[in-house]
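Given next are the chains, with one letter for each unit.
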Amino acid sequence: MVDRTVKIGGAAGQGVQTVAEILSVILRRSGYYVFSLEDYQSRIRGGHTFTQIRFANQPVHAAKKSIDLLVCLDSLTHELHHSEVAPQGFILGHVSPQESSASLGRLIAIDFEKEAVNLGDRIFANTVAIGALSRLLGLAPQRVEDYLAQVFSKKGQEVIEKNIAAFRRGAELVGENKLFGEETIDPPENPPRFLLDGNQALGLGALLAGCTFYSAYPMTPSTGIMNSLASKAKEYGILVEQAEDEIAAINMALGASYAGARAMTGTSGGGFCLMVEGLGLAAMTETPIVIVNGQRPGPSTGLPTRTSQADLHFVIHASHDEFPRFVFAPRDPQDAINLVIRAFSLAEQYQVPVIVLSDQYLADSKVAYQDVVVTEPVKRPLPVDGQEEYCRYALTPSGVSPRAIPGGKALVVVDSDEHDECGHLTEDLTIRVRMHEKRMKKWEAMKRETRLPFTMVGRDVNLIGWGSTWGVLWETRKELARKGIEAGIIHFNELWPLPQGLRDILRSLVSPIVVEHNYTGQLAELLEQETGVELGERITRYDGRPFLIEELCARVEEVWGRG
Amino acid sequence: MVDRTVKIGGAAGQGVQTVAEILSVILRRSGYYVFSLEDYQSRIRGGHTFTQIRFANQPVHAAKKSIDLLVCLDSLTHELHHSEVAPQGFILGHVSPQESSASLGRLIAIDFEKEAVNLGDRIFANTVAIGALSRLLGLAPQRVEDYLAQVFSKKGQEVIEKNIAAFRRGAELVGENKLFGEETIDPPENPPRFLLDGNQALGLGALLAGCTFYSAYPMTPSTGIMNSLASKAKEYGILVEQAEDEIAAINMALGASYAGARAMTGTSGGGFCLMVEGLGLAAMTETPIVIVNGQRPGPSTGLPTRTSQADLHFVIHASHDEFPRFVFAPRDPQDAINLVIRAFSLAEQYQVPVIVLSDQYLADSKVAYQDVVVTEPVKRPLPVDGQEEYCRYALTPSGVSPRAIPGGKALVVVDSDEHDECGHLTEDLTIRVRMHEKRMKKWEAMKRETRLPFTMVGRDVNLIGWGSTWGVLWETRKELARKGIEAGIIHFNELWPLPQGLRDILRSLVSPIVVEHNYTGQLAELLEQETGVELGERITRYDGRPFLIEELCARVEEVWGRG
Amino acid sequence: MDNPFDLSSDIAWCPGCGNFAILKALKSTLSELNYEPHEVVLVSGIGQAAKIPHYLRVNVFNGLHGRSIPVAFAVKSANPRLVVIAESGDGCMYGEGGNHFVHAIRRNPDITVIVHNNQVYGLTKGQASPTSEEGFVSKVQTLGSLSAPFNPLSIAIAQDASFVARGFAGDIEKLKEILKQAITWPGFALVDVLQPCVTFNRVNTYTWYRERAYYLDVQYDPEDRVKAFEKSLEWGEKIPLGIFYRHRKPTYQEKFYALVSYPHLLYRERAVEEVLDRELQYFQ
Amino acid sequence: MDNPFDLSSDIAWCPGCGNFAILKALKSTLSELNYEPHEVVLVSGIGQAAKIPHYLRVNVFNGLHGRSIPVAFAVKSANPRLVVIAESGDGCMYGEGGNHFVHAIRRNPDITVIVHNNQVYGLTKGQASPTSEEGFVSKVQTLGSLSAPFNPLSIAIAQDASFVARGFAGDIEKLKEILKQAITWPGFALVDVLQPCVTFNRVNTYTWYRERAYYLDVQYDPEDRVKAFEKSLEWGEKIPLGIFYRHRKPTYQEKFYALVSYPHLLYRERAVEEVLDRELQYFQ
Ligand SMILES: Cc1ncc(C[n+]2csc(CCOP(=O)(O)OP(=O)(O)O)c2C)c(N)n1
Ligand SMILES: Cc1ncc(C[n+]2csc(CCOP(=O)(O)OP(=O)(O)O)c2C)c(N)n1
Ligand code: SF4
Ligand code: SF4
Ligand SMILES: [Mg+2]
Ligand SMILES: [Mg+2]
């Protein structure tokens, strides 16, 4: 079985992401499943950044700590990461003088830039690197050359040819070295066909759901959603508006939704803070909206380009007074597509805000799939074409009123103040009570709507998690199985309202451990609070990097060993 | 024993609040304890507004439902409130033709305005009313006349004289009617000396604490705090700045605090929403700040002039990622003074944000006290005069670093990004972990800091509440005692971190009932979550009006009867 | 003839308030322009002025304090057939909502912004607003306001707003004329209306305005931006009213819809499978 | 001579970025003005430009994106002896922070606002900023920006800002001169600095600016507001640099401290009992 990890590191601006992207696609086209992870700083040039690509001939869902091939676009990469290289691995590229003797892996020192300059321009350095690593990985040269020709097709024949030359030069420099020795390269029967990251998936989900209005203010790690939809603006007639601030962004989205568009906005913690008043406006006016909050470590500006799962309590309770909302957290890109579609359906069905919790890890990680399956139906309750005496907030047993949009016969009156059934401002406190109860009433049906966590009970230990950690729990489970420990997984992608019937599931678990990217263990707290079941152990990480398989495995073993 | 309630009603702009204020002061000066309650709409003229004044010859802390004297500045007041008048009570003023026959109380129809016009100007209508009700209440005319002379002193002798004439005319019209029949008017031995409402108390607390900077954007019900401090601006050199929005308000306060001023801001739910990002900034930069959130019903704009206690969960979890904060909720004006002083002390001691939850009921209710006692010491850890190599975020065992302010030798560097000990931006994830743990570490000491609730365990039933409901719980307890039910009170004014040792208290309670001005029972939920003790029954009210004694009493009896 | 925009409601304004005149002018304008109530969307914020949409028959989005303009922009963008007006007080539009005011002008959406400028915060009881005169005294501005007033017209002209006008609540007929031009103007149209607040603004009263206000005459050329700017600075002894500046240029909606082949952003039947198939090729 | 403001740090800007020149000019200016590092507070927001306070020895408040101006206002108000500068990018100051920019001018606080105007969002990778030209294409503005650019100078002049200037990162010496005047100017001083972003802005490059930029000459009268406004509209073939407008008037801090008898808002010993006794009389 092939299961290898390549880490490509360098300074920002050197092209780490370009090399990684090309490599990922070639690996996917070569029949490998891929999982890639991006780690970068909040700067545009310099510093240190890396992408880690794991590939295997069966689906992979998380990253490993141990590296088989370290590609150093600068010598700092060597210095920082050489110790992660597995004994049989390679280190390729710019070697750090201090570290070279101490390195574990086999060294192939290549000065990509010098080679590129020899070929006529520094610009070809990355292609030299691709040549070198392709050879080391034993990738079919023709397939790579074809892909390079495709990538550079817009730049003309000369550029293509020079890149191919650079590619060949890189391969040449590696000589007969091979990462795969005895190992058989056995592409899977059902090779992966698609490769996409969380932000692309969130954008695709919105597109499929019929979203025609996206207003946002750029903010890492959610800007990619805006890019994704903006790239479709012309073709699908989607208005993607960069607002002057996040307050405008959410108010625009609400205006568009009121007028009949399917509207979404996306941001990260600090921007979400600014949307909190608008969230309450959505609730009070009962205007459907989907809000993506891409989590990153805080408080405040914090670490803008890192990952975190520490906004759960915040988004559940955000905005003053009380109102029902859904909170979802996709487990991976595939899930993100479906959950966004579902978010739009439920936002309109219940006329409530739906918050989708993403994070930098989900947003930037690429996953390969054999198939991308849309299981979620796009449900869109058509607005009613109200009569003249239409009342936007007509009282109904469910608390949900028939919704019309302006432009038809009905006059649609919505208000952020407490209002009567027709939407007009009221100070009648009896009506207030009725309206508040109307809004809160939706909760009952919403509670039955959310789905139970992905549940696979384990004999020895049970890992509980939410959102983007699904993949690493899954992989850790497999790893633990190899060590004879049967781990279960209870993983939530629908978090609020908490699904019904959890108590029975949680009570039955042997050695539950809640795994989260935050300090206090927010899901653990939430589950304990709601079910009264003590969950005991927690494994948390809050340095802004995601859990890696070996590491999580070791921590589970440690906790379990203690227990 | 005297214990009477006067309700004065009319349209906004008619002078309900003026009449009520004058009456309250005179009652206080006549030796009565007073508790007054304001009920008004979000408009400037018209509609309906009333103030309810309870007075007694012993301290009073809440309002009653039953009214002894209804003063109608318009006939709508009669229509709306006549049924609340006790059988021996009076209805004075403008009578509603439809309701007059059905009225319970004794009617004294006076057209205040016509009488005033007869005296030369409509403007004297309110003084006519004061004359009438003073006589009915048996207040010493000289005392009232003296006070009127004081009130109108700036307007000149003529105005004073005309008002006195109006006052006498009002008294005359009442004739020999008297609210007090057999009852002895027995002013207490220790008569009350002061009368103040929650907003005045919050402002006074800040003044005493040495606050020199208050930035805010007007918002009901917290604007009164700004008025209170602004009235002292010149004398005490306090900068009260009306910001362009709440975002500016909190960022200004943080800037002032950074520079060495004691700074505060105040708002209500929707404005607090806009401050949530700034709250995180306070946490990350470890800049002390006190934020008052005056609660009113929502979601969104909701009912701007009514009361609510529905922001508890929100303020505890507001802003992304995790950080420690204090949340307090004063029980009455006296407590507000002390809690604000304490808020400033703790904000500086721990270098964290402190949120004070007020509400419209607390903000606008006036309470009379025999003495205003400041029990809380004004603690101000003086900023260190750091040396050149000063580091703002030096790691210490407690997580609290010595704080310098700019201007001295030390350079003070603070950052909303994750930073190193000297405050400079860092992407070193090891430092991140240390800094995050440093901030979270404060929590341990903070948890020991918060005080246990006011606790008076009852044999039969135990009422649990927080913030502004203290008075009504206290009065209800007395009322229940009269009916042979021994009720206890567990009342929180320090809510977050929840004080230690609650489990034992809560577990011991017979028939606990949590009483709150919200829909879901937020304190109940919080206590159950944190202690695991099931609290069962809840009594909630969310129409924007406060609990009244008889009403709460009846609901307790009902719940208790059931149990 | 009955005005189809009439609605009987309990109006929460003070007797004598300038708001009544603006309401009247607006209703007449809409009816004289032959719009039907269901074609019009009135977006407002919070404040005394912001209650206006509850007093006429139209579609209403009464949103947050300060946030009417982004909503109006989006409503118009989603459904360009609607006539969209954002209307609120000076505090709402220029204070809390200042950033939206400034940036919306850059987009030039085809909306009309009507500001009830009473130079005070009415609903919250009389604090200085952005347009209050320096020195304005209130319970908050006990030392007198230390800030110079916000000049909405100058700022709009500085941003090259498409249509910039000032009206006066004391002159309904002329106000109607201005409103008519503003509402039918293709692009961002600002109408700042001087509106006496009889309760809290004892400085800028009907009389105060009447003594100073005059209309720009026919010689005045509203196409000259620098002249318009200069005119917008006039305030004090004399206060000009009328259309200060006009600059026809493509609206946001015109530009956007010229680039895509859909007439609006409302519901479209899209075959999910087909879109998915087409889109997945980008992830191969 | 060593510059006391020098600090050795890992600078996170791209090689060739205009930010380096601004940093250099600022450090020289402060040192040539004979300030000491502990007298100076540099307040910034978030963005590439906003990292600048980490690269020199001063007091630093690196706050939220868009919110440097309210902080700077308050720091200066609390302790008027400090030299307070708010510095950040165009997105930060004019986009997210637009409302503070507009309203701070009304207060005329004695602070200097320096804007690194690269006409793009650098840190978030190249989206249009408020000052980007209409039609600017990016991954978000795939149809080209549909908005007209924000003109900071015109808006500042429209608000009667006390000091309004434009510098260019390509000319450190002249920039220093402008900064010196701005920082020593008593009142709100805006310096908008044209700053080439070599990574994301391929339109407004060094060459592009150099071909167009020229300095206002000695004849130019910066006291004439309308002329200054007219000048501020000039952009395209020619781009004027220098001091556009100057209007000396009392600063916020001058006004406030003239009214109260304290020199700052810092800690004062107050006898609680005494204050309480004095204040309680109002509640009798
Ligand atoms: C976020 C927020 N902050 C503050 C308020 C309180 N508030 C309501 S209306 C108002 C001012 C109204 O002034 P203006 O917009 O001029 O309207 P006017 O009442 O004068 O017509 C304020 C501050 C609010 N509703 N929301
Ligand atoms: C509330 C909030 N929204 C968005 C961001 C993300 N953000 C960081 S910097 C930036 C734009 C920076 O542009 P500019 O201010 O022009 O600075 P530059 O990087 O170009 O120097 C944005 C949108 C943020 N940090 N906070
Ligand atoms: S407070 Fe002023 S603006 Fe508001 S309704 Fe009354 S007069 Fe009009
Ligand atoms: S991205 Fe642009 S502005 Fe930022 S450092 Fe690089 S060149 Fe300078
Ligand atoms: Mg106003
Ligand atoms: Mg920029």
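Caption draft 1: Molecular detail of the sheet that holds strand S6 (residues 106-109) of chain B. Residues and elements named next belong to chain B. Judged by pairing direction, the sheet is mixed, and its 8 strands sit side by side in the order S6-S5-S4-S1-S3-S2-S14-S7 without closing on themselves. With partners counted over all chains shown, the strands left at the sheet margins are S6 and strand S7 (194-197), one partner each. Shown here is a sheet whose adjacent strand axes are inclined to one another by a mean of 15°, direction ignored. For strand S2 (residues 33-39) and strand S3 (residues 46-56), the ladder comprises 7 bridges, and the chain directions are antiparallel. If you follow Phe 35 over to S3, its bridge partner there is Arg 54. Where helix H1 (residues 16-29) meets the sheet, its contacts fall on strand S1 (3-12), S2, S3, S7 and strand S14 (366-369), and the angle it forms with S3 comes to roughly 5°.

Caption draft 2: Quick look at the state of the cysteines. Using the criterion set out here, one finds 2 disulfides over all chains in the structure. Shown here is the disulfide that connects A:Cys391 with A:Cys422, its sulfur atoms set 1.8 Å apart. Here A:Cys391 is found in the loop between strand S14 (366-369) and strand S15 (413-415), whereas its partner A:Cys422 is found in the loop between S15 and helix H15 (429-449), with 31 residues between them in sequence. Accessibility expressed as a relative area gives 28% for A:Cys422, which makes it partly exposed. Here D:Cys92 stays unpaired: no disulfide links it, and the sulfur of D:Cys17, its closest cysteine neighbor, is 15 Å away. Take D:Cys92: its relative accessible area is 2%, and that puts it in the buried class.

Caption draft 3: Representation of the coordination of the magnesium ion (ligand 5) within the structure. Residue and element names in this part refer to chain C. Looking at the magnesium ion (ligand 5), the protein donor atoms are Asp 90 (OD), Asn 118 (OD1) and Val 120 (O), and they sit 2.0 to 2.2 Å from it. Sequence spacing of the donors to the magnesium ion (ligand 5): D-x27-N-x1-V. By relative accessible area, Val 120 is classed as buried at 1%.

Caption draft 4: Highlighting unusual backbone geometry. Cis geometry is adopted by the peptide bond preceding A:Pro221, which originates at A:Thr220 and carries an omega value of 5°. Here A:Pro221 shows up in the loop between strand S8 (213-216) and helix H8 (223-230). In this structure, A:Asp321 is a non-glycine residue whose phi angle is positive, near 55°. The backbone phi angle of D:Gln119 is positive, close to 55°, even though this residue is not glycine. On the basis of relative accessible area, D:Gln119 is assigned to the buried category, the value being 2%.

Caption draft 5: Spatial organisation of the pattern of salt bridges. The full count for this structure, using the stated rule, is 104 salt bridges over all chains. A salt bridge links A:Arg306 to A:Asp39, with the nearest nitrogen and oxygen atoms 2.6 Å apart. Taken together, the residues span a long stretch of sequence, with A:Arg306 in the loop between strand S11 (289-295) and helix H12 (312-317) and A:Asp39 in strand S2 (residues 33-39) at a distance of 267 residues. With a relative accessible area of 3%, A:Arg306 lands in the buried category. According to the relative accessible area criterion, A:Asp39 is buried, its value standing at 8%. Where B:Arg306 meets A:Glu427, a salt bridge forms, and the shortest distance between an N and an O atom there is 3.0 Å. Note that B:Arg306 is positioned in the loop between strand S11 (289-295) and helix H12 (312-317) and A:Glu427 in the loop between S15 and H15, a pairing that runs across two chains. Grouping residues by exposure puts B:Arg306 and A:Glu427 together as buried. Through salt bridges with shared partners, a single network forms among A:Asp3, A:Arg54, A:Lys64 and A:Glu475.

About the thresholds
- Residues numbered from 1 in each chain as written.
- Chains lettered and ligands numbered in written order.
- Predicted model: local features only at pLDDT ≥ 70, side-chain atom pairs only at ≥ 80, totals over all residues.
- Heavy atoms only, no water.
- Pairing = 2+ DSSP bridges.
- Helix = DSSP H or I, 4+ residues; strand = E, 2+ residues; numbered from the N terminus.
- Axes fitted to C-alpha atoms, helices over the stretch in contact; angles between N-to-C directions.
- Contact = heavy atoms within 4.5 Å.
- Disulfide = S-S within 2.5 Å.
- Buried < 20%, exposed > 50% of the residue type's maximum accessible area, 1.4 Å probe, protein only.
- Donors = N, O, S within 2.8 Å, 3.2 Å for Na, K, Ca; no water.
- Salt bridge = Lys/Arg side-chain N within 4 Å of Asp/Glu carboxyl O.

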